[in-house]
Amino acid sequence: MSMSAAGIPAVTTAGGFLLVLALVLPLLGVLAALTLGGRNARRVAMLAIPLGLVLAAAAGIELMHSGQALVYVLGGWAPPLGIALRADGLSVVMLLTTALILLAVAVYGQADFQMPAGVDEARAPFMFWTLLLAVWGALNALFLAGDLFTLYVALELLTFAGVPLVSLGGSPETVQAALRYLLFALLGSVLYMLGAVLLYGTYGTLDIALLAERVRPVPAVIAAAALMTVGLLAKTALFPLHLWLPPAHAGAPAAASAVLSALVVKGSWFLVVRLWFDVMPGVVTLPAAQLLAALGTSAIVVGSVVALRQERLKLLVAYSTMAQIGYLFLMFPLAFDPAGNAPVHGAALDGGLLQVVSHATAKAGMFMAAGLIYAALGHDRIADLAGVARAMPVTVLAFALAGLALMGVVPSGAYLAKKLMLDAADGSGQWWWMIVLQGGAAFTAGYVVLVLVSVMRSRPGPLPLVKRVSRLSELAALALSMSSLLLAFSALGPVPGNLLANPFAPKELGTLLAVVLGGALLALGLSRRSLFATAQLAAGADGGLLRRSAVVVGEAFELADRVIRRWQFASMSLLMLVALVGGLLIFGAPA
Amino acid sequence: MNAVTLYGLCGAALVGLGLYGLIVNPQPLRKILSFNLVGSGVFLLFGVVARRGAAFEMGGDPVPQALVITGIVVAFSATALAVALLLRLHDATGSASLAAPEPPAKPDV
């Protein structure tokens, strides 16, 4: 599924021009949308995105056909003087996922971001379509760039396109959320830049393939690895650097939240993967990878518990994103070779990649469904969602399927990813990550159960709807959730076939039952309002005591989250993480 | 101490000062300025690298200079975007603060 970028000759391969087209198309779209303006911005986006999907598919076919990474050397100048575009399996999967999700988001946004009648140009629709194209261009640049400085520019472009999406609504809270996001992201990117300077100073090139051959664990390179990794973690919002994510993702319009949650945070994650697997596999160490996975585990626990404590649906989904980001880092220690020397392209990385794709599709579907509920009710207070399932069955189905997909129910992509990573954990004897992989699903089940129970409650009298939501938007959300749930089938080709041998075996069904039960217990104990009024009565005094102590735990998590999300605390954590990762790279190196 | 080391130390000092301001100063405008200070420090280090990297008869390695110019453009765009958001925030609320909103009132269980 994935191939190493190292050892690729710096000459343009057949099909290399596809990479240039994939890079130029979105940016041309931005220019066209800006110059044509008004209603044309939407038309440009609707024209360009399907075209981009075709381009990504063509690059994928070419890659499978030739069996080696596609390369385009810009202007015929070979690195280190010139720069190259490269696409390996990793890049092509991300290109395809991005184009697919953007297509669904564009279909979803048709209703919300229509120019109002009688107006030539309104700010929000015009900016939405333009920024959608800009995010796409930045992501494609990120997936295709062959050198660390182009990657830096792409990373910044992604931030500059993502930040205004946050404040599209224009309310003071969202502007503040956008500013916090921008400032913290800049702190992260300046660390990345510093690392790139150190690498250039040591080896005189920033080309990934050339660096991969040259890097050795000398002090400057170790410092660069620590700075770049942690800088990127800040942009990915991995716990404890998530201060900006919940307000930014919850405040944005649903279509924008879907893009931010599904794609933008994955951009910087992708870059961490590039650094660890392709640029400096000989520099990073297993203990440092264990640290990343430990942070990921904390993200799963804290994010899920705080999600359960939310009063508003969109904030719940935003905290769920924070938890899901944690999953993406569990892959790092599992991907090391048996001797523990270096991360290698293999089953664990395939699992991680599969996880990214399934999270991206499921999370986009979930945010879209939450946005539809908000639009229809005029609010998203979880306590007042009774009757929604009856009024908006398609939307609730989309939310439920996305939730199931995130939990890793057969045959979702997350299920297959979990299988691959469990195998890797078993093979390398890291049993503790097996516990996290299995137990994490229960935390996910917790908030999914909470929302589903809330929407399925019956309501005396009709549900007051302020707006009829567009059927097209509902179907777009449903399509994304479905594709995440059925992802395992599409991934079957490249993955060993015995993994899905008998998905309905008693063992699998038992695991699923345990996950849902565990989640229901978590939701019962930790949710802000008691989940079933009757259940509490039946449980009697003991249940009351249990519930009270669980609430204390929940409040403690909320308080901890508030402290961690303070600016000073988060930025000090950032610096300390740099030191910690650096230390683990020095002292964790195999003898 | 030669010139290269001196410039390197200056760059490091700028990065340190900027990081301090970025973390400690509560005002967003000061944070934006501090970010620019960190950026300048990094660019200065890049300049030092260019001087050191001049292995051949050239006065300096030209690649870092091209990269620094791009970096300055990126930092400028970031500053412009941040200031625009700050102005908008100030127009809307009359103050410019990054403080997180107050925690919700104690919930009923």
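Owing to the predicted nature of the structure, the values given are computational and were not obtained by experimental measurement.

**Here we look at the overall build of chain B**
- A tally of regular secondary structure across chain B gives three helices and zero strands.
- Put simply, chain B runs from its N terminus to its C terminus through helices and strands in the order α-α-α.
- The buried share among the 109 residues of chain B stands at 36%.
- Sequence separation of 24 or more characterises 55% of the internal contacts of chain B that already satisfy a separation of 6 or more.
- Accessible surface computed for chain B: about 6300 Å², of which carbon and sulfur atoms make up 68%.

**Focus on helix H3 (residues 89-112) of chain A**
- Over its 24 residues, H3(A) runs 35 Å from end to end, which matches the ideal 34 Å to within 8%, given 1.5 Å per residue.
- Counting buried positions along H3(A) yields 18 of 24 residues, so the element is predominantly enclosed.

**A few points about the side chain of His249(A)**
All names here are of chain A.
- By secondary structure assignment, the location of His249 is in helix H9 (residues 245-251).
- Assessed through its relative accessible area of 1%, His249 is described here as buried.
- Side-chain polar atoms of His249 contact the side chain of Ser261, separated by 3.0 Å.
- Beyond its immediate sequence surroundings of up to four residues, His249 is in contact with Trp244, Ser257, Leu260, Ser261, Val265, Ala318, Thr321 and Phe367.

**With respect to the environment of Thr205(A)**
Residue and element names in this part refer to chain A.
- Here Thr205 shows up in the loop between helix H6 (172-203) and helix H7 (208-214).
- Judged by its relative accessible area of 2%, Thr205 is buried.
- For Thr205 and Ala255, which are 50 residues apart along the polypeptide, the C-alpha to C-alpha distance reads 39 Å.
- The contacts of Thr205, once residues within four sequence positions are left out, are Pro80, Leu199, Tyr200, Leu210, Leu211 and Arg214.

**Here's the deal with the packing of aromatic side chains**
Residues and elements named next belong to chain A.
- Counted under the stated rule, the structure contains 12 aromatic pairs over all chains.
- Here Phe128 and Trp129 contribute two aromatic rings whose centre-to-centre distance is 5.0 Å and whose plane-to-plane angle is 80°, an arrangement assigned as edge-to-face. Residue Phe128 shares its accessibility class with Trp129, and that shared class is buried.
- Plain terms: the ring middles of Tyr152 and Tyr192 are 6.3 Å apart, the flat faces sit at 5° to each other, and that makes the pair stacked. A residue pair is termed long-range when its members are at least 10 positions apart, and Tyr152 in helix H5 (residues 148-166) and Tyr192 in helix H6 qualify at 40 residues.
- Directly above the aromatic system of Tyr374 lies the positively charged group of Lys314, at a separation of 5.9 Å from the ring centroid.

**Side note on the interface of chain B and chain A**
- Taken together, the contact pairs 44 residues of chain B with 41 residues of chain A.
- Interface area, chain B with chain A, both sides summed: about 3800 Å², of which 77% is carbon and sulfur.
- Scanning the region where chain B abuts chain A turns up zero salt bridges.
- At the junction of chain B and chain A, the tally comes to one residue pair in polar contact (both at pLDDT 80 or more).
- Those elements that place two or more of their residues in the side of chain B that touches chain A are helix H1 (3-24), helix H2 (28-52) and helix H3 (62-93) of chain B.

Parameters and conventions
Note that residues are indexed from 1 along each chain, following the sequence as it is written. Following the order in which they are written, the chains are lettered starting with A and the ligands numbered starting with 1. Residues qualify for local features only when their pLDDT is at least 70, as the model is predicted, and side-chain atom pairs are given and counted only at 80 or more; totals for whole chains, interfaces and linings, by contrast, use all residues. Hydrogens and water molecules were not included; the side-chain quantities draw on all heavy atoms of the structure. Numbering goes from the N terminus for both helices and strands, where a helix is a DSSP run of H or I of at least four residues and a strand is a run of E of at least two. Residue exposure (1.4 Å probe, protein chains only): buried if accessible area is under 20% of the type maximum, exposed if over 50%, otherwise partly exposed. In what follows, a contact means two residues having at least one pair of non-hydrogen atoms within 4.5 Å. Reported accessibility uses the Shrake-Rupley method at a 1.4 Å probe radius. Residues are deemed covered only where the shown protein chains occlude them. To estimate the expected span of a helix, subtract one from its residue number and multiply by 1.5 Å. Here a polar contact is recorded for every N or O atom pair within 3.5 Å, except that within protein the pair must consist of a potential hydrogen donor and a potential acceptor, and residues adjacent in sequence are included only if both atoms are side-chain atoms. Stacked, tilted and edge-to-face pairs are distinguished by plane angle, under 30 degrees for stacked and over 60 for edge-to-face with tilted covering the rest, among Phe, Tyr and Trp rings (Trp via its six-membered ring) whose centres lie within 6.5 Å. Two conditions define a charge located above a ring, namely a distance within 6 Å from the ring centre to NZ of Lys or CZ of Arg, and an angle within 35 degrees of the ring normal. A 1.4 Å probe defines the accessible area here, and the buried area is the portion of it lost by two parts on being joined, summed over both. Criterion for a salt bridge: a side-chain nitrogen of Lys or Arg within 4 Å of a carboxyl oxygen of Asp or Glu.

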